[in-house]
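Here is how the chains run, residue by residue.
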Amino acid sequence: MRLIDDEGTQVGIVTAREAQQIAEDKGLDLVEVAPNAVPPVCRLMDYGKFRYEQSKKEREARKNQRQVGLKEVRLRPKTDDHDLEVKANQARRFLRSGDKVKFTVRFRGREMAHPDIGREMLEQISDALRDLAVVEQKPAMEGRAFSLVLAPNAKVLKSIQQAQRMQNQADQAAQRKARPTSDATDEVAVDDVDDHIDDDIDDIDGDDDIDDIDDDDIDDIDDDEDEDEDEDDTKV
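Reading the values: rules and limits
Residues numbered from 1 in each chain as written. Predicted model: local features only at pLDDT ≥ 70, side-chain atom pairs only at ≥ 80, totals over all residues. Heavy atoms only, no water. Helix = DSSP H or I, 4+ residues; strand = E, 2+ residues; numbered from the N terminus. Expected span 1.5 Å × (residues − 1). Buried < 20%, exposed > 50% of the residue type's maximum accessible area, 1.4 Å probe, protein only. Contact = heavy atoms within 4.5 Å. Salt bridge = Lys/Arg side-chain N within 4 Å of Asp/Glu carboxyl O. Arc of directions from axis to C-beta. Lys, Arg positive; Asp, Glu negative; His and termini not counted. Polar contact = N/O pair within 3.5 Å; in protein donor to acceptor, adjacent residues only side chain to side chain. Pairing = 2+ DSSP bridges. Axes fitted to C-alpha atoms, helices over the stretch in contact; angles between N-to-C directions.

Asker: Residue-level account of helix α3 (residues 81-96), with values.
Answerer: Under the 1.5 Å per step criterion, the end-to-end length of α3 is 22 Å for 16 residues, consistent within 8% with the ideal 22 Å. Where α3 is concerned, the buried positions are Leu84, Lys87, Ala88, Gln90, Ala91, Arg92, Phe94 and Leu95. Against the buried residues of α3 lie β5 (70-75), β6 (100-106), α4 (115-128), β7 (133-142), β8 (145-152) and α5 (154-178). The positive-phi residue at the C-terminal boundary of α3 is Gly98, with phi of around 95°.

In structure tokens, the structure reads:
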């Protein structure tokens, strides 16, 4: 096997017995980092310390990870242009925060005879928000409602990631500044290892959360609301 020491220097081709003896002499672990290579590549390291550092990174990533939410904005075929603009501005705030937005146009009674009105409204909103969003789900009829789902585009997501990265750096700098000098001198630096070692560590997946909206300008997402309203059907 090809052996790499704990400082990243290639020792050369050695037998498994010799590599194990070197690891025991240095009080380190012998870790196989490239099993498919010819010959296989092994490295000397303190594997317990490596796993500890990786778990710390995972906890930090999980703590700073932002879960994507789905905001729903409800419309009616009778919603005028001014109110439609207000709804679009609300959606802009959601998109800039990294959330997806679902627009729903609900029909009642004889309004079902004119579904084209709902499609036109959704297309109008999609055009108004195309600088921030991409269409994740095209306008489609779902029961008595037309729905459209927009997601933040790559430019918005990149700006959010940059802002989060800058905030993390600022937080880390504040922590280092507040940390006593004696603690700082006790830290042990851990060398970087080959990328394939990181394959042993599970990726952190964030599940999408669907958040309810309490904004007064957005209708309550309660399917029973239609039963509580006492409104005469009007022709469109």
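So that's the structure; there's more coming.
Asker: How would you explain the pattern of salt bridges if you had to name every residue and give the values?
Answerer: For side chains bearing opposite charge, pairing can occur when the charged atoms are close. Summed over the entire model, instances satisfying the criterion amount to six salt bridges. The shortest N-O distance in the salt bridge between Arg76 and Glu111 comes to 2.9 Å. You can see Arg76 sitting in the loop between β5 and α3 and its partner Glu111 sitting in the loop between β6 and α4, a full 35 residues away along the chain. Relative accessible area serves as the criterion here: at 3%, Glu111 is assigned to the buried category.

Asker: So, α4: which residues are in play, and what are the values?
Answerer: With 14 residues, α4 should cover 20 Å at 1.5 Å per step; its first-to-last C-alpha distance of 20 Å lies within 8% of that length. Buried within α4 we find Gly118, Met121, Leu122, Ile125 and Ser126. Axial view of α4: buried residues confined to an arc of 135°, hence all on one face. Against the buried residues of α4 lie β5, α3, β6, β7 and β8.

Asker: How would you summarise the side chain of Asp5 if you had to cite specific residues and measurements?
Answerer: Note on placement: Asp5 falls in the loop between β1 (2-4) and β2 (10-13). At 4.6 Å, Lys26 is the nearest oppositely charged side chain to Asp5, a buried residue that forms no salt bridge. From its side chain, Asp5 meets the backbone nitrogen of Glu7 in a polar contact 3.0 Å long. A polar atom in the side chain of Asp5 sits 3.0 Å from the backbone nitrogen of Gly8. In contact with Asp5, not counting residues within four places along its chain, are Val11, Lys26, Arg43 and Leu44.

Asker: Could you give me a rundown of the sheet that holds β7, with the residues and numbers involved?
Answerer: Spatially, the four strands line up as an open sheet ordered β5-β6-β8-β7, and their pairing is mixed. Each of the sheet's edge strands pairs with one partner strand only, and the pair in question is β5 and β7. When strand polarity is set aside, the average angle formed by the axes of neighbouring strands in this sheet is 15°. In this structure, β5 lies alongside β6, joined through six bridges in parallel fashion. Note on β6: the bridge partner recorded for Leu70 is Lys100. Packing of α3 onto the sheet brings it into contact with β5, β6, β7 and β8, and relative to β5 it is tilted by some 180°. Seen against the sheet, α4 touches β5, β6, β7 and β8 and runs at an angle of roughly 10° to β8.

Asker: Give a description of the pairing of strand β3 (residues 29-34) that names residues and reports values.
Answerer: Of the pairings in the sheet, the one linking β3 to strand β4 (residues 41-45) comprises five bridges and is antiparallel in character. Opposite Asp29, over in β4, you have Met45 as the bridge partner. Linking β3 to β4, which pair antiparallel, is a turn of six residues.

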